[in-house]
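Survey of secondary and tertiary structure
Letter by letter, the chains look like this.
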Amino acid sequence: MKHVTSKQAAKCIKKRDPGSFKGQNGKVLVIGGNDDLIGAPALAAQSALAVLRSQTDLVTVLAPKKCGFVINTYSPDLIVKKVDGKFFSERHLKIALENAEKADAVLIGPGLGLNEQTKKFVKKFAEKNHKPLVVDADAIKALAGHRFSHKAIITPHQKELEIFCGKKIGAKKELTAKETAKKYNCVVLLKGRIDIISDGNIAFYNRTGNAGMTVGGTGDVLAGICAAFAAKGTKLLDAAVCAAYINGLVGNCLKKKFGYGFIASDFLKEIPLAIKNLKH
């Protein structure tokens, strides 16, 4: 077990080539949203904006049509592609895979919902997608027991990890995170008072963050930061470790400003400052 340090997180921040062009510093596809949950557009939008705030060039959100138009209202910086229907189903698999091929990494889950047809879509997508994948929220539940054949990070809290691996965790959080990562061929970022990140061989403890981060939406921000680093070619274990540290660091900065009165959208403008101030 190792503790994440600022120096370790800073190593994941790649220097930008002064001659780089649009898209060369990472392109992310976010698949999320549905028309049945009022908060779904906000969750998908916050994940997408967290991607951009983590020094990534482009983010595209793929969402059901009505939800997609609402996501558009959150920021003109978001590219939103709409699909017919109120939720994702297998008929959307082709367009999702086509958009994934154009991206450097994919985030699936924010505001997705748990319609049975959506669960089937998520499983098929995970099987056929070849790009680095970050799995969050409802997509974790949809993929319970799924062994990944390609690079993936899952970002569960304790209950979601129990659903994913099919057993109670209790006090054996590090052991369960390690075993789950190894058995299902993924990086596990187990969110909690102390985050535990493992690839099945090694485990890191991240101690940044505070109790105010139980507010809804902070997990969607974390998933967006993970996807941003994954899109830059960072090893997935390093991407998850760095994202957990930065997300918690932002939470601590917000607590100093607002006490426990901060909300998830407050994280977005603080992410670039946290990255800029990382100590090498």
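Use the structure listed above.
This section reports on the structure supplied with the text. (Residues numbered from 1 in each chain as written. Predicted model: local features only at pLDDT ≥ 70, side-chain atom pairs only at ≥ 80, totals over all residues. Heavy atoms only, no water.)

Turning to the packing of aromatic side chains, a few remarks are in order. Counting across every chain of the model gives 5 aromatic pairs. With centroids separated by 5.1 Å and ring planes inclined at 75°, the aromatic side chains of F164 and Y184 adopt a geometry described as edge-to-face. Here Y184 lies in helix α8 (residues 173–184) and F164 lies in helix α7 (residues 158–165), a separation of 20 residues in the sequence. Here F164 matches Y184 in class, with each residue buried. (Phe/Tyr/Trp six-rings, centres within 6.5 Å; stacked < 30°, edge-to-face > 60°. Helix = DSSP H or I, 4+ residues; strand = E, 2+ residues; numbered from the N terminus. Buried < 20%, exposed > 50% of the residue type's maximum accessible area, 1.4 Å probe, protein only.)

It is worth spelling out the pattern of salt bridges at this point. Should their charged atoms come close, side chains of opposite charge can pair. Within the structure shown, the criterion is met by 9 salt bridges. For K119, the salt bridge is made with E116, and the minimal N-O distance between the two is 3.2 Å. One end of the pair is K119 and the other is E116, both in helix α5 (residues 116–128) and 3 residues apart, which spans about a single turn. (Salt bridge = Lys/Arg side-chain N within 4 Å of Asp/Glu carboxyl O.)

Residues three or four positions apart in an α-helix share a direction because the helix packs 3.6 residues into each turn. When the terminal C-alpha atoms of α8 are compared, their 16 Å separation across 12 residues agrees well with the 16 Å that a helix rising 1.5 Å per residue should span. Along α8, the positions that sit buried rather than exposed are T176, A177, T180, A181 and Y184. Buried positions in α8, seen along its axis, are confined to an arc of 130° and lie on one side of it. What points out from α8, more than 90 degrees from its buried face, is the exposed set K182 and K183. Looking at the buried side of α8, the elements it contacts are α7, β8 (187–190) and β9 (195–198). (Expected span 1.5 Å × (residues − 1). Arc of directions from axis to C-beta. Contact = heavy atoms within 4.5 Å.)

What follows covers the pairing of strand β2 (residues 27–31). On any regular strand, side chains alternate: one points to one face of the sheet, the next to the other face. Burial of β2 is extensive: 4 of the 5 residues sit out of reach of the surface. One crossover worth recording links β2 to the parallel strand β3 (residues 58–64) by way of helix α2 (residues 40–53), and it is right-handed. Taken together, the 4 bridges between β2 and strand β5 (residues 105–108) define a ladder with parallel strand orientation. Directly across from V30, in β5, lies its bridge partner L107. (Right-handed = clockwise from strand over helix to strand, strands pointing away. Pairing = 2+ DSSP bridges.)

Once that is clear, we can look at the environment of Q158. In this fold, Q158 is placed in helix α7. Measuring from C-alpha to C-alpha, the distance between Q158 and S75 comes to 32 Å, with 83 residues separating the pair along the chain. One polar contact links Q158 to K173, side chain to side chain, over a distance of 3.5 Å. (Polar contact = N/O pair within 3.5 Å; in protein donor to acceptor, adjacent residues only side chain to side chain.)

The next thing to look at is the nonpolar core. I71, L78, I197, F229 and I246 are the most contacted members of the largest nonpolar core, which has 59 residues in total. In terms of residue count, helix α10 (residues 236–258) provides more of this core than any other element does, 12 residues in total. Setting aside residues no more than four positions away along its own chain, L78 makes contact with A45, A48, L49, L52, V59, I71 and N72. In terms of nonpolar packing, the next biggest core, distinct from the first, is built from 38 residues, A96, C165, I169 and C186 among them. (Core = buried A, V, L, I, M, F, W, Y, C linked by side-chain atoms within 4.5 Å.)

As for its placement among the helices and strands, K131 is situated in the loop between α5 and β6 (133–135). No salt bridge is formed by the buried K131, whose closest oppositely charged neighbour, E101, lies at an N-O distance of 4.6 Å. Reaching out from K131, the side chain makes a polar contact with the backbone oxygen of A103 at a distance of 2.5 Å. Residues contacting K131, with those up to four places away along its chain left out, are A100, E101, K102, A103, V106 and K151. (Lys, Arg positive; Asp, Glu negative; His and termini not counted.)

One non-glycine residue, Q55, lies in the positive phi region at around 70°. Assignment of secondary structure puts Q55 in the loop between α2 and β3. Its relative accessible area of 31% is what places Q55 among the partly exposed residues. Within the chain, N185 stands out as a residue other than glycine whose phi angle is a positive 55°. One can find N185 in the loop between α8 and β8.

Here we take up empty space enclosed by the protein. Scanning the entire structure with this criterion turns up 1 cavity of 30 Å³ or more. The computed volume of the largest cavity comes to approximately 30 Å³. Lining the largest cavity we find A126, N129, K131, L133, F148, S149, H150, K151 and A152. A class-by-class count of the residues in the lining of the largest cavity yields 4 nonpolar, 3 polar and 2 charged. (1 Å grid on protein atoms, 1.4 Å probe; cavity = no way out; pocket = protein on both sides within 12 Å on 5 of 7 lines; lining within 4 Å. Points joined across faces, edges and corners; volume = space filled by probe spheres on them. Nonpolar A, V, L, I, M, F, W, Y, C, P; charged D, E, K, R; others polar.)

This next bit is on the packing of α2 against helix α3 (residues 65–72). The geometry of a pair of packed helices is captured by two quantities: the angle between their axes and the separation between those axes. For the pair α2 and α3, interaxial distance at closest approach is 9 Å and the crossing angle is 55°. On the basis of their axis angle, the class for α2 and α3 is oblique. For the element pair α2 and α3, the recorded crossing hand is right-handed. Taken together, the residues of α3 that come into contact with α2 (itself represented by A40, P41, A44 and A45) are C67, V70 and I71. Its residues assigned to classes, the contact of α2 with α3 shows 7 nonpolar, no polar and no charged. (Axes fitted to C-alpha atoms, helices over the stretch in contact; angles between N-to-C directions. Parallel < 35°, antiparallel > 145°, perpendicular 65-115°, else oblique. Left-handed = near helix turned anticlockwise from the far one by under 90°.)

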